[in-house]
Structures are given as C-alpha cells and as structure tokens.
Amino acid sequence: MSMEWKNMKKEYLDKIMEADLILIGIGSEFEKLRYRCEEKAIEALKELNDLLNGKNYFVITTCTNNILKESGFKKDRIVSPCGNLEVKQCTKACKGSLQELTDEEIQNIRQKADSDGEFQLGICAVCGAPMTLNNVYTSEYDEEGYLNDWKMYTKWLQGTLNKKLCVLELGVDMTFPNIIRWPFEKVAFYNQKATFIRVNEKLYHMSEELRDKGIAVNKKSIDWITEIDI
C-alpha cells in the first residue's frame, strides 16, 4: 500500500470522525437488483454504519430495495423518497390505501422476482383495484408514503447550517439528481464549515464552486468503503 493512499485514507476518516453532523447520500450503485440486496453492498454499508455509531447523521437514498434497513441503519435516520420495499399502495393511488407489507409478502416478492414471476399484493379496500409496491417505478406513485420521514430529514438538515458538516455522497448517478446530487452540492456550498466527499466510479467530478471544500474520489463506493478500513 502506497504512502499516498494511506494519507488519503486518514484524510477521509478524519473528515468523517471530526464532523459534528454527517449527511449521507446512497445512490444507485447499491441497487443493482431492485428487490434484493447484494451481499457485498450490505457488508460495505454495515461497515459504514459501525463507523457512524454515536454520530449525528441522516441518510437519504434513492434505493428501493431496503438495503439500509438490512445493513442496520436506524429507521428514524433514513428517508427514501423513491419508496421502499415496506409499503404497498393502490394502483390508482386511492387516498388511504397505503399499507405496510408483511415479511411474508416481502419474501414472496423477492422469490417471484428471482424467477421472473408475478407477485400479487391483494386488492385495494377503497376501490377494489390491485395493490402494487409504493415506489417511484409505480405509474401512480403515492408520495405520501415517505413524507413523514422527509419532514424529519428537512428538520435535521436545518440544524446543519454553520455546523461542522461532512457530506458523504456514495454511488449517486444522474437518474434522480434533484434528490441527492444537486441538493447536496447546495448544502455544501452554503455551509462554510462543510466538507464534501463524492465517491463515484464515473460521475466523481466536483464543481468549481466546491473545489476548495470538495474531495472527488474516482472509485466504486462499495470498494471505497471497504478499502479505507472502516
């Protein structure tokens, strides 16, 4: 291992550990499979979660496969604006149709998805239409499913101004740039005490405005977490 890489590893860890608050974005790199989670990705996030023990953090993700929950992150510290594998809704988005999925239903979804089969989630008690997963890939996505978590997230975010903040963006692409990528850049720009670490195999470049406070890492984020010995 080169001395340069050792110094870089120390810099990354110092930025995370010295921060008062940590804002984390988990992107599509952790969702190669929509209904299941790759073991390597889960193990990497478990390492990150261990590092964050005792830290004041919040995680926003575009993943819908429940990988953060399976990696041990606290439920009240996660917001999933694209939906998740925990809630179902009416295909017509009837008001009041949202329901939590049972563990049996989640297991059935994953089994059927592996075999390219169709899974059934019952019918809507309001209108009788079929139920479907409550996520952004549903044609009539009911965003009510994540709004309470979003309120907690925005309240937490308001408390980061003028605090020593580490913004950690992991594997975020341009599929939903208005959820993580652009807002994170804005947060880091306006917070004079912020450090922005962007890890991405391809889209790692930092804007000119963030050059002095940004660290661009050209690497797969799953590998990066593992290699810095978190």
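Up top is the structure these notes are about.
These remarks concern the structure in this document. Because the structure is predicted, anything quoted here is derived from the model rather than measured.

Rules used in this analysis
- Residue numbers restart at each chain and count upward from 1, following the sequence in its written direction.
- Reporting in this predicted model follows two pLDDT cut-offs: at least 70 for local features of residues, and 80 or more for side-chain atom pairs to be given and counted; totals over whole chains, interfaces and linings ignore these cut-offs and use all residues.
- With hydrogens and water set aside, each side-chain value is computed from the structure's full complement of heavy atoms.
- For the purposes of this entry, the term helix denotes a DSSP run of H or I that reaches at least four residues, the term strand denotes a run of E that reaches at least two, and both are numbered from the N terminus.
- C-alpha atoms define the radius of gyration in this analysis, and the globule rule sets the expected value at 2.2 Å times the number of residues to the power 0.38.
- Only protein chains enter the area calculation, which uses a 1.4 Å probe; residues under 20% of their type maximum are buried, those over 50% are exposed, and those in between are partly exposed.
- Between two residues, a contact is recorded if the distance between any of their heavy atoms is within 4.5 Å.
- For the area figures, the Shrake-Rupley method with a 1.4 Å probe applies, and any residue is considered shielded solely by the protein chains shown.
- Note that His is not counted, nor are the chain ends; the positive residues are Lys and Arg, and the negative ones are Asp and Glu.
- Here the site of a charge means NZ on Lys, CZ on Arg, CG on Asp, or CD on Glu.
- Aromatic rings from Phe, Tyr and Trp, taking only the six-membered ring of Trp, are treated as a pair when their centres fall within 6.5 Å; an angle between ring planes under 30 degrees marks them as stacked, one over 60 as edge-to-face, and anything in between as tilted.
- One side-chain nitrogen of Lys or Arg within 4 Å of one carboxyl oxygen of Asp or Glu is enough to make a salt bridge.
- Pairing of N or O atoms within 3.5 Å defines a polar contact, subject to two protein rules: one partner must be a possible hydrogen donor and the other a possible acceptor, and residues neighboring in sequence count only if both atoms are side-chain atoms.
- Within this scheme, the nonpolar core is defined by two criteria: the residues are buried Ala, Val, Leu, Ile, Met, Phe, Trp, Tyr or Cys, and they are joined through side-chain atoms within 4.5 Å.
- Multiply 1.5 Å by the residue count of a helix minus one, and that product is the helix's expected span.
- Strands qualify as paired when DSSP identifies two bridges or more between them.

1. Thoughts on the overall build of the protein chain
Part 1 of the reasoning: A tally of regular secondary structure across the protein chain gives seven helices and nine strands.
Part 2 of the reasoning: A compact globule built from 230 residues should have a C-alpha radius of gyration of about 17 Å, and the protein chain, at 19 Å, falls within 12% of that.
Part 3 of the reasoning: If one aligns the C-alpha atoms of the protein chain with their principal axes, the spans along those axes are about 60 × 35 × 30 Å.
Part 4 of the reasoning: Out of the 230 residues belonging to the protein chain, those deemed buried represent 47%.
Part 5 of the reasoning: Long-range contacts, defined as pairs at least 24 residues apart, comprise 66% of the intrachain contacts of the protein chain with a sequence gap of at least 6.
Part 6 of the reasoning: Accessible surface for the protein chain amounts to roughly 12200 Å². Of this, 47% is attributable to carbon and sulfur atoms.
Part 7 of the reasoning: Of the side-chain charges in the protein chain, 32 are positive and 37 negative, and the distance between the mean point of each set is 4 Å.

2. Focus: the packing of aromatic side chains
Think of a pair of aromatic rings as described by two things: how far the centres are apart, and how the planes are tilted against each other in angle.
Part 1 of the reasoning: Taken as a whole, this structure holds nine aromatic pairs when the rule is applied.
Part 2 of the reasoning: Ring centres of Phe58 and Tyr153 lie 5.5 Å apart, and the angle between their planes is 55 degrees; on these two criteria the pair is classed as tilted. Note that Phe58 is positioned in strand 2 (residues 56-61) and Tyr153 in helix 5 (residues 147-158), a separation of 95 residues in sequence.
Part 3 of the reasoning: Take Phe58: its relative accessible area is 2%, and that puts it in the buried class.
Part 4 of the reasoning: The exposure class assigned to Tyr153 is buried, which follows from its relative accessible area of 3%.

3. Structural notes on the pattern of salt bridges
Part 1 of the reasoning: According to the stated counting rule, one finds 13 salt bridges in the structure shown.
Part 2 of the reasoning: In this structure, Lys40 engages Asp223 in a salt bridge whose closest nitrogen and oxygen atoms are separated by 2.9 Å. A residue pair is termed long-range when its members are at least 10 positions apart, and Lys40 in helix 2 (residues 39-51) and Asp223 in helix 7 (residues 221-227) qualify at 183 residues.
Part 3 of the reasoning: Here Glu105 makes a salt bridge to Lys88, at a shortest N to O gap of 2.9 Å. In this pair, Glu105 is assigned in helix 4 (residues 103-114) and Lys88 in strand 4 (residues 83-90), connecting sequence segments 17 residues apart. The same class applies to Glu105 as to Lys88, namely buried.
Part 4 of the reasoning: In the salt-bridge network here, residues are joined through shared partners; they are Glu169, Arg181, Glu185 and Arg198.

4. Remarks on the environment of Ile225
Part 1 of the reasoning: By the element assignment, Ile225 lies in helix 7.
Part 2 of the reasoning: We classify Ile225 as buried; its relative accessible area is 0%.
Part 3 of the reasoning: Taking the C-alpha atoms as reference points, Ile225 and Leu45, separated by 180 residues in sequence, lie 7.8 Å from one another.

5. Notes on the side chain of Ser97
Part 1 of the reasoning: Here Ser97 lies in the loop between strand 4 and strand 5 (99-100).
Part 2 of the reasoning: The buried category is assigned to Ser97, whose relative accessible area is 2%.
Part 3 of the reasoning: Here the side chain of Ser97 touches Cys94 through a polar contact of 2.9 Å, landing on its backbone oxygen.
Part 4 of the reasoning: Apart from the residues within four sequence positions on either side, Ser97 is in contact with Lys88, Gln89, Cys90, Cys124 and Met131.

6. Quick notes on the nonpolar core
Part 1 of the reasoning: Residues Ile24, Phe30, Leu48, Leu170 and Trp224 are the most contacted members of the largest nonpolar core, which totals 33 residues.
Part 2 of the reasoning: Core analysis: the next-biggest nonpolar cluster, separate from the first, contains 22 residues, Leu21, Ile60, Tyr153 and Val167 among them.

7. Let's talk about helix 2
Part 1 of the reasoning: In this model, helix 2 (13 residues) spans 19 Å end to end at C-alpha, consistent with the 18 Å of a helix rising 1.5 Å per residue.
Part 2 of the reasoning: Those residues of helix 2 that sit buried are Ala41, Ile42, Ala44, Leu45, Leu48, Asn49 and Leu51.

8. A look at the sheet that holds strand 6 (residues 131-135)
Part 1 of the reasoning: Taken in spatial order, the three strands make up an open sheet running 5-4-6, and their pairing is antiparallel. Strand pairing shows two members of the sheet lacking a second neighbour, strand 5 and strand 6, which therefore form its edges.
Part 2 of the reasoning: In the sheet, strand 4 pairs with strand 5 via two bridges, with the strands oriented antiparallel. Looking across to strand 5, one finds that Val87 is bridged to Glu100.

As far as function goes, none of this settles anything; it's purely spatial.
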